[in-house]
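# Chain and residue survey
Here are the chains, one letter per residue:
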Amino acid sequence: MRLTSRPSGARGFFIFIHREFFGGTMAVKEKYEESKLFRIRHSTAHVMAQAVLEKFPGAKYAIGPAIDEGFYYDFDLPRSLTPEDLTEIEERMRQIIRGKFPFVRKEVSAGEARKLFKDQPYKLELIDGLEAGGFDENGEPLFEKPVISTFTHDQFTDLCRGPHVQNTGEIDSSAIKLMSVAGAYWRGDEKRPMLQRIYGTAWYNKEEMEQYLWKLEEAKRRDHRKIGRDLDLFSVVEEIGAGLILWHPKGAMVRKITEDFWMNEHEKSGYQFVYTPHIGKASLWETSGHLGFFKENMFSPLDIEGQSYYLKPMNCPFHIYIYKSQLRSYRDLPIRYAEKGTVYRYERSGVLHGLLRVRGFTQDDAHHFCREDQMPQEIDFVLDFSLKMLRAFGFSDLKAYLSTKPAKSGGDPARWEAAEAALEASLKRYNVEYEVDEGGGAFYGPKIDLKVHDAIGREWQLSTIQFDFNEPEFFDMTYIGEDGQPHRPYMVHRALLGSLERFFGVLIEHYAGAFPVWRAPIQAVVIPIADRHLEYAQKVGDSLKAAGLRVSVDERSERMNAKIRDAQNQKVPYMLVVGDKEIENNQVALRLRGGENPGPIALAAFIDKARQDIEEKI
RNA sequence: GCCGACGUAGCUCAAAGGCAGAGCAGUCGCCUUGUAAGCGACCGGUUAUGGGUUCGAUUCCCAUCGUCGGCUCCA
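Model, not experiment: these values are computed from the prediction. (Residues numbered from 1 in each chain as written. Chains lettered and ligands numbered in written order. Predicted model: local features only at pLDDT ≥ 70, side-chain atom pairs only at ≥ 80, totals over all residues. Heavy atoms only, no water.)

## Overview of the overall build of chain A
- Within chain A, the regular secondary structure consists of 18 helices and 28 strands.
- With the C-alpha coordinates aligned to their principal axes, the bounding extent of chain A is approximately 90 × 75 × 60 Å.
- Within chain A, the proportion of its 618 residues that are buried is 51%.
- Per element, the accessible surface of chain A, about 29300 Å² overall, is 49% carbon and sulfur.
- The average position of the 84 basic charges and that of the 93 acidic charges among the side chains of chain A differ by 2 Å. (Helix = DSSP H or I, 4+ residues; strand = E, 2+ residues; numbered from the N terminus. Buried < 20%, exposed > 50% of the residue type's maximum accessible area, 1.4 Å probe, protein only. Areas by Shrake-Rupley, 256 points an atom, 1.4 Å probe, with all protein chains shown as cover. Lys, Arg positive; Asp, Glu negative; His and termini not counted. Charge placed at Lys NZ, Arg CZ, Asp CG, Glu CD.)

## Side note on the sheet that holds strand β12 (residues 279–281)
- In spatial order, the strands read β12-β14-β13; together these 3 strands make up an open sheet with antiparallel pairing. Strands at the two margins of the open sheet, each flanked by one partner only, are β12 and β13 (302–304). Direction aside, neighbouring strands of the sheet carry axes that sit 40 degrees apart on average.
- As defined by bridge partners, β13 adjoins strand β14 (residues 307–311) across 3 bridges and the pair is classed as antiparallel. Counted as the bridge partner of Leu302 is Tyr309 from β14. (Pairing = 2+ DSSP bridges. Axes fitted to C-alpha atoms, helices over the stretch in contact; angles between N-to-C directions.)

## A word on helix α11 (residues 375–392)
- The terminal C-alpha atoms of α11, which comprises 18 residues, lie 26 Å apart, in line with the 26 Å expected from a rise of 1.5 Å per residue.
- When we look at burial in α11, the residues that qualify are Met375, Glu378, Ile379, Asp380, Phe381, Val382, Leu383, Phe385, Ser386, Leu387, Met389 and Leu390. (Expected span 1.5 Å × (residues − 1).)

## Quick word on the side chain of Arg371
- Within the secondary structure, Arg371 sits in the loop between β16 (360–370) and α11.
- Side-chain polar atoms of Arg371 contact the backbone oxygen of Tyr330, separated by 2.6 Å.
- If sequence neighbours within four positions are ignored, Arg371 has contacts with Tyr330, Arg331, Leu333, Tyr479 and Tyr490. (Polar contact = N/O pair within 3.5 Å; in protein donor to acceptor, adjacent residues only side chain to side chain. Contact = heavy atoms within 4.5 Å.)

## Some details on the nonpolar core
- One finds Phe467, Leu497 and Phe504 to be the most contacted residues of the largest nonpolar core, which totals 60 residues.
- For this core, the element with the highest residue contribution is α11, accounting for 9 residues. (Core = buried A, V, L, I, M, F, W, Y, C linked by side-chain atoms within 4.5 Å.)

## Some thoughts on the packing of α11 against helix α12 (residues 413–429)
- Following both chains from N to C, one finds α11 and α12 inclined at 45 degrees, their axes separated by 9 Å at the closest point. When the axis of α11 is compared with that of α12, the two are oblique. The crossing of α11 and α12 is right-handed. Contact with α11, carried on its side by Met375, Pro376, Ile379, Asp380 and Leu383, involves Ala418, Ala419, Ala422, Leu423, Ser426, Leu427 and Arg429 of α12 and no other residues of that element. (Parallel < 35°, antiparallel > 145°, perpendicular 65-115°, else oblique. Left-handed = near helix turned anticlockwise from the far one by under 90°.)

## Things to note about the confidence of the model for chain A
- Chain-level pLDDT for chain A is 88 on average; 93% of the residues reach the 70-or-more range.
- Low pLDDT, under 50, characterises residues 1–28; the predicted model gives this stretch 76 contacts beyond four residues in sequence or across chains.
- Low pLDDT, under 50, characterises residues 136–140; the predicted model gives this stretch 3 contacts beyond four residues in sequence or across chains. (pLDDT = per-residue confidence, 0-100.)

## Observations regarding the environment of Tyr536
- Examined against the element boundaries, Tyr536 turns out to sit in helix α15 (residues 534–546).
- Taking the C-alpha atoms as reference, Tyr536 lies 39 Å from Ala455; in sequence the two are 81 residues apart.
- When neighbours within four sequence positions are excluded, Tyr536 is seen to be in contact with Val578, Glu582, Ile583, Asn586 and Gln587.
- Polar side-chain contacts of Tyr536 include one of 2.8 Å to the backbone oxygen of Gln587.

## Digging into α12
- Look at α12: 24 Å from first C-alpha to last across 17 residues, which is about the 24 Å you get at 1.5 Å a residue.
- Within α12 the residues assigned to the buried category are Arg415, Trp416, Ala419, Glu420, Ala422, Leu423, Ser426 and Leu427. Looking straight down α12, one finds that the buried residues subtend no more than 160 degrees of arc, so they occupy a single side. The exposed residues of α12 that point more than 90 degrees off its buried face are Pro413, Glu417, Lys428 and Arg429. (Arc of directions from axis to C-beta.)

## Quick notes on the sheet that holds strand β6 (residues 156–159)
- Read from one edge to the other, the open sheet built from 3 strands follows the order β4-β5-β6, with strand pairing classed as antiparallel. Unpaired on one side and paired on the other, β4 (104–108) and β6 mark the two borders of the sheet. The mean angle between the axes of side-by-side strands here comes to 25 degrees, regardless of whether they run parallel or antiparallel.
- With 5 bridges connecting them, β4 and strand β5 (residues 148–153) associate as antiparallel partners. Bridge assignment links Val104 to a residue of β5, and that residue is Thr152.
- Relative to β6, helix α1 (residues 36–55) is tilted by about 120 degrees, and along the sheet it contacts β5 and β6.

## Describing the packing of aromatic side chains
- Overall, the coordinates contain 33 aromatic pairs when judged by the stated rule.
- A ring pair is formed by Trp247 and Phe504, whose centres lie 5.0 Å apart and whose planes are at 15 degrees; its orientation type is stacked. Here the residue Trp247 occupies a position in strand β10 (residues 246–247), and Phe504 occupies one in helix α14 (residues 500–511), the gap between them amounting to 257 residues. For the pair shown, Trp247 and Phe504 are each scored as buried.
- Between the aromatic rings of Phe443 and Tyr444, the centroid separation amounts to 5.2 Å while the plane-to-plane angle is 80 degrees, which identifies the pairing as edge-to-face. (Phe/Tyr/Trp six-rings, centres within 6.5 Å; stacked < 30°, edge-to-face > 60°.)

## A closer look at the pairing of strand β18 (residues 434–437)
- Alignment of strand β17 (residues 398–403) against β18, held across 4 bridges, turns out to be parallel. Looking at the pairing, Ser403 lines up with Asp437 of β18.
- After leaving β17, the chain enters α12 and then returns to the sheet as β18, a path that is right-handed. (Right-handed = clockwise from strand over helix to strand, strands pointing away.)

## Observations regarding the pattern of salt bridges
- Tallied over the full model, the rule gives 39 salt bridges.
- A salt bridge links Glu125 to Arg192, with the shortest nitrogen-to-oxygen separation between them at 2.9 Å. Of this pair, Glu125 sits in helix α4 (residues 121–131) while Arg192 is found in the loop between β7 (176–185) and β8 (194–202), placing the two residues 67 residues apart along the sequence.
- Salt bridges sharing partners connect three or more residues here, namely Lys55, Arg79, Asp85 and Glu88. (Salt bridge = Lys/Arg side-chain N within 4 Å of Asp/Glu carboxyl O.)

## Focus: the side chain of His367
- Along the chain, the position of His367 falls in strand β16.
- We classify His367 as buried; its relative accessible area is 0%.
- Of note is the side chain of His367, whose polar atom sits 2.8 Å from the side chain of His319.
- A polar atom in the side chain of His367 sits 2.9 Å from the side chain of His493.
- Not counting residues up to four positions away in its chain, the partners in contact with His367 are Asn315, Cys316, His319, Ile335, Arg336, Tyr337, Met491, Val492 and His493.

## Some thoughts on unusual backbone geometry
- Across the junction of Leu333 and Pro334, the peptide omega takes the value 0 degrees, indicating a cis bond.
- Tracing the chain through its elements places Pro334 in the loop between α10 (316–323) and β15 (335–344).
- Its identity is not glycine, yet Arg187 carries a phi of approximately 60 degrees, on the positive side.
- Its place among the elements puts Arg187 in the loop between β7 and β8.
- For Asn586, which is not glycine, the phi torsion reads 55 degrees and is therefore positive.
- Relative to the helices and strands, Asn586 resides in the loop between α17 (580–585) and β27 (587–592).

This is the structure:
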């Protein structure tokens, strides 16, 4: 029911595990939590806490774990931290590191721990939690109470499970850096106090940290918001509203090419297209369950002749009514309805982000309805189709996440089991690398999410394939079986690109704006050297247009160098310089956006080359 | 929504209680160009919006809108 399109990978660079730490043999992927890097980061968090507490003696400290690319620690401080504070804290941290203080572990009773942290309300709360017994990830109480321990180095003691490095000297003081300060709620709960969180990063050595910082720079360089403005692709303006996207002509061209390809592939593969309205009555969303569990993400209702209507946050109820518009036979199945459905979801202002998190977006949505005996093949079909589509769009490095039945869930357990088995079997059949998230499914059905890796190793979730056992029940969907009796169909929601907005954002960052030729909004710019070459330039432009290329002629009375520079900054794949020599030989002088300069080539030969590049989706 | 930073020309950024500036872009002119910016002139602003303090506010205060970094990683 819920097609999520969240930027879950927006933050996560990969942790590269380097061979040299595994004695030169090819590494089996070490669990991050067991790695030395994890201990280094966690230990660095303690060192930072010491430095912060020295600076603010009355400060309260909360938690400070190692995270994907570093660590953080949350503090309750008398004032807001400034960038200067961070510099100072970082300097003090280096002194502490140079002291080579050993980390000493000590087991304590709950009572001793309370005495030790009597002035630390957050620690006391943690101790209470520990004494009450831990909970596993499903919220079930653990049988054994955890042992309470503290770690001390130098003058600083923290309640901590560990593990840590032997001594602070194991941290490379040139491979740590404090990155930023941000607000964070105690225990992530917005009803609880807001603490100040200091983010830092730590690596084995300086080179690794520099590589990480380089990657951050590179990510900034690829930021789709900046490229979107520089290449005139899209905008978001205050006057219209936050999270609402204006697609400019060049961005719209990229979208159109994406949509055309998408439509063609869907049509070839047995999907039927449908179009549905943008609003629907409140009662519809009552039936679908959205007003029950998705209301906080829906815009306020519109009052129309005394009836409430809601902007649609999803397309499924509409597709269901198309299904229900007539009695369905088992012979009609499977049915596959596809729509580029524009939906609106209320997102809190603080989470909006360029094209990646918006309030109005177009899902490349589809719903499959099938019989039980068709279900495994249908899953094969949809996974195969998804993989083909993502690869065609330039993402061949991908990973799947299979989410199974959560503790709280509806629907027939036998259906859950069958669906999960079908999902996993498909992943195996198509040889997709996957991870299982036990209990991570939505309450209405299991799912597969596909995440792709971009050019600099970041992971982005695009596709989702989700079973839904709720809506067919809520809407009483049936088909008449061979036995003449009504049966409940299986229903699968899927979005391949997620949303066109978000996909476009990922695309921009993946290619840093240099789209492959087949999707470049302008494929070639003709650059006449002097005004007397204009006529020939126009002729070349017309020939290319006739050959189906998207081309523009730079008629400005600028120097050639300026035109080349502009075209290159606009990431146009082909620059075609024409002057006296080219006119004489009916040629164009080809230059590529990477700076390569293949030189003069016959016009006809260039057209062949361009067509071939487009055909091969280069 | 909450915490923090920020909002000055289309873009990137100056000016810190006392006349709002530069580069790029744009317009016009000159130049007629051979692989990443030719030269000159001109145009461009209710300093996000609304209110307040002040003789005077872009600058200080309050509110609103928007942008950015976070608010998931559990001692």
